[in-house]
Amino acid sequence: MRPAHWLPPVLWMGVIMLLSTDTGSAAHKSELLLPLLHWLLPWASLGDLAAIHGLVRKGAHLTEYAILAALWYRAFTRGRRLTPPTAGWLAFGISLAWATLDEWHQAFLPSRTSSATDVGIDGAGAAVALIVACRGWRAALDGATIAVLWLASAGGAVAIAINAWAGVPSGPLWVTTPAAAVVMLVRRRLRRRKPGA
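Just so it is clear, the structure is predicted and the values come from calculations on it, not from any experiment.

Asker: Which parts of the structure should I look at to understand the overall build of the chain?
Answerer: If you tally the helices and strands in the chain, you get 7 helices and 0 strands. Each helix and strand of the chain, placed in order from N terminus to C terminus, yields the pattern α-α-α-α-α-α-α. By the compact-globule yardstick of 16 Å for 197 residues, the chain is too spread out, its C-alpha radius of gyration being 21 Å. Overall, the C-alpha framework of the chain stretches about 55 × 50 × 30 Å when taken along its three principal axes. Counting across all 197 residues of the chain, residues that qualify as buried make up 28%. Total accessible area on the chain stands at roughly 12,500 Å², and carbon and sulfur atoms take up 73% of it. With 18 positive and 9 negative side-chain charges, the chain shows a separation of 22 Å between the mean positions of the two kinds.

If you want it as structure tokens, here you go:
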């Protein structure tokens, strides 16, 4: 495998490790991010800004490991000429191992905290990137659409039942839950009519 294949993911692993030091701590990032968020959202309370800051940090975890997995996938498919499933599993394994090492490393830094949840978020980012890489954007979006529609219809039905039991009004769930079920059924019928779908 040529350096053009393995060097990008190795360099990205270095960037992740740099962000894992005190430089990437919440305290340092909040010095830059919180004023920016306050400027963008002047009406938001400090609690809202802190919640958004937390979401941005978790989104960064998702993104940095999606990039790492995609870079390793590219290295294995182009450099080693491995099959997409084999390259995907190898890239996922390396990404998950690096996420675990990253969190273990943070456990020894006073300004950082180690979290199994972060490893799960990192793994989810890697998995999403690899699903897209192996199946393609169209198939990945199709699968995500089906999952969201099922979640909206089944989860909405459960939420309506819990709200009815608790005596709490369900409001828009009475519209969105059946709408998700209808969209799912219409989508299924349209797909059956298309040849080769």
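There is more to say, and it comes next.
Asker: Can you walk me through the pattern of salt bridges in this structure?
Answerer: Pairing is possible between side chains of opposite charge, provided their charged atoms come close. Considering all chains together, one arrives at 3 salt bridges under this definition. In this structure, the salt-bridge partner of Lys-58 is Asp-118, at a minimum N-O distance of 2.6 Å. Taken together, the residues span a long stretch of sequence, with Lys-58 in helix α3 (residues 46–79) and Asp-118 in helix α5 (residues 116–135) at a distance of 60 residues. The class of Asp-118 is buried, set by a relative accessible area of 6%. Its salt-bridge partner being Arg-187, residue Asp-142 comes within 1.9 Å of it at the nearest N-O pair. In this pair, Asp-142 sits in helix α6 (residues 137–166) while Arg-187 sits in helix α7 (residues 173–193), placing the two residues 45 residues apart along the sequence. Owing to a relative accessible area of 21%, Asp-142 belongs among the partly exposed residues under this scheme.

Thresholds applied
Residues numbered from 1 in each chain as written. Predicted model: local features only at pLDDT ≥ 70, side-chain atom pairs only at ≥ 80, totals over all residues. Heavy atoms only, no water. Helix = DSSP H or I, 4+ residues; strand = E, 2+ residues; numbered from the N terminus. Rg over C-alpha atoms; globule rule 2.2 N^0.38 Å. Buried < 20%, exposed > 50% of the residue type's maximum accessible area, 1.4 Å probe, protein only. Areas by Shrake-Rupley, 256 points an atom, 1.4 Å probe, with all protein chains shown as cover. Lys, Arg positive; Asp, Glu negative; His and termini not counted. Charge placed at Lys NZ, Arg CZ, Asp CG, Glu CD. Salt bridge = Lys/Arg side-chain N within 4 Å of Asp/Glu carboxyl O.

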